[in-house]
Amino acid sequence: MKKTFLLSLLAGAAFTLPAAAAVVQTTGAGSATPGATHLTYAADFEGNTALSNTWSEGGLTFTQTNALGADNGGCGYAGELCVDTAAGEVYSDAFSGNYFATAGTNAYLSIKSASTLVTGIEFAVDSGFNTIYVMWQTWLNGVQTGTGKQSFGAAGVGGVLGLSDAAGFDEVRVYAFNSASANSGYSAPAIDTVRAFKVPEPGSLALALLAGIAAASISRRRRG
């Protein structure tokens, strides 16, 4: 009876394993994160007052590529704009305090998980252009697993981009071009308030349950 029950559970576990995974793009805070109980990584750049590149925080590593100088052209620090650095001005309504940005030909911001892959991430995003056209890529072990685009309207307001994939990824690259159709050229992305997580796949949870049941069954037999 026990054997039949275990085999039945195993069949159910195999059925829940996804045949293929794909990156799902969402917008809005909380659209890609399942809640604070699953939050694994978090970064807000408040400590990066020297505009360091590379910057590590909360289990994530951030890199600016093709940046125009070590200080990111004056971008990336609270109260400063890429073009107008008048005191008290805010780069984006979606940002709070310090942020992370770059600018240059095909420049992008790299977000990497320090120790393992993640299944979801979201972050506030804006652009050095007048209109926000974001292009993103997800990567796993050096292989690109997904790409997409999202428009957030006029710069200075910004929004939150979410990405999730049951198969997981270990890097996200963020670009911002001056048109929805552009895939290359001058890029000026900026991000803030990064939140990432990893949630076990349903099949993995079922297999873990099976292991626990099997161990308990063996223990009972030995005691008997």
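Residues numbered from 1 in each chain as written. Predicted model: local features only at pLDDT ≥ 70, side-chain atom pairs only at ≥ 80, totals over all residues. Heavy atoms only, no water.

The name an unreviewed UniProt entry assigns to the chain is PEP-CTERM sorting domain-containing protein, from the organism Pelomonas candidula.

Trainee: Hey, could you run me through the overall build of the chain in this one?
Mentor: Tallying secondary structure elements over the chain gives two helices and 14 strands in all. For the chain, buried positions account for 38% of its 224 residues. Looking at the chain alone, contacts between residues at least 24 apart form 77% of all its contacts between residues at least 6 apart. As displayed, the chain offers around 11,000 Å² of accessible surface, 58% of which is attributable to carbon and sulfur atoms. (Helix = DSSP H or I, 4+ residues; strand = E, 2+ residues; numbered from the N terminus. Buried < 20%, exposed > 50% of the residue type's maximum accessible area, 1.4 Å probe, protein only. Contact = heavy atoms within 4.5 Å. Areas by Shrake-Rupley, 256 points an atom, 1.4 Å probe, with all protein chains shown as cover.)

Trainee: Please clarify how unusual backbone geometry should be interpreted in this entry.
Mentor: Backbone phi values are negative for most residues with the exception of glycine, while trans is the configuration of most peptide bonds. In this structure, the amide linkage connecting N53 to the following residue, T54, adopts the cis form with an omega of 15 degrees. You can see T54 is positioned in the loop between β2 (39–43) and β3 (55–57). Even without being a glycine, F45 presents a positive backbone phi close to 70 degrees. Relative to the helices and strands, F45 resides in the loop between β2 and β3. What makes F45 buried here is its relative accessible area of 0%. A positive phi is found at T193, a non-glycine position, where the angle reads about 50 degrees.

Trainee: Looking at this structure, I do not really get the pairing of strand β14 (residues 189–197). What am I missing?
Mentor: The element β14 is largely enclosed, with a buried count of seven among its nine residues. As judged from the four bridges shared by β2 and β14, these two strands associate in the antiparallel manner. Directly across from L39, in β14, lies its bridge partner F197. Pairing of strand β5 (residues 100–101) with β14, which is carried by two bridges, proceeds in the antiparallel orientation. Looking across to β14, one finds that F100 is bridged to I191. Sheet analysis places strand β8 (residues 118–127) next to β14, joined by seven bridges and oriented antiparallel. Within β14, the residue paired with A124 across the bridge is D192. (Pairing = 2+ DSSP bridges.)

Trainee: Where do I start with the packing of aromatic side chains in this structure?
Mentor: Two aromatic rings, taken as a pair, are described by how far apart their centres are and by the angle between their planes. Taken as a whole and judged by the stated rule, the model has seven aromatic pairs. Residues F45 and F100 carry aromatic rings whose centres are separated by 5.4 Å and whose planes lie at 15 degrees to one another, so their mutual orientation is stacked. With F45 in the loop between β2 and β3 and F100 in strand β5, the pair connects residues that are 55 residues apart, well separated along the chain. Of the two residues, F45 and F100, neither departs from the other in class, the shared state being buried. (Phe/Tyr/Trp six-rings, centres within 6.5 Å; stacked < 30°, edge-to-face > 60°.)

Trainee: So what exactly am I meant to see when it comes to the environment of G148 here?
Mentor: Structurally, G148 is set in strand β10 (residues 143–154). Residue classification places G148 among the buried residues on the basis of a relative accessible area of 15%. Each C-alpha atom, one on G148 and one on W136, is 5.5 Å from the other, the two residues being 12 residues apart in sequence. Apart from residues lying up to four places away in sequence, G148 is in contact with Q25, V134, M135 and W136.

Trainee: Where do I start with the sheet that holds β3 in this structure?
Mentor: Two strands in a sheet stick together by hydrogen bonds in their backbones, pointing the same way (parallel) or opposite ways (antiparallel). Judged by pairing direction, the sheet is antiparallel, and its six strands sit side by side in the order β3-β4-β7-β12-β9-β10 without closing on themselves. The strands lining the two open edges of the sheet, one partner per strand, are β3 and β10. The mean inter-strand angle of the sheet, taken between neighbouring strand axes irrespective of direction, is 20 degrees. Of the pairings in the sheet, the one linking strand β7 (residues 109–113) to strand β12 (residues 171–177) comprises four bridges and is antiparallel in character. In the strand pairing of β12, K112 is matched with E171. (Axes fitted to C-alpha atoms, helices over the stretch in contact; angles between N-to-C directions.)

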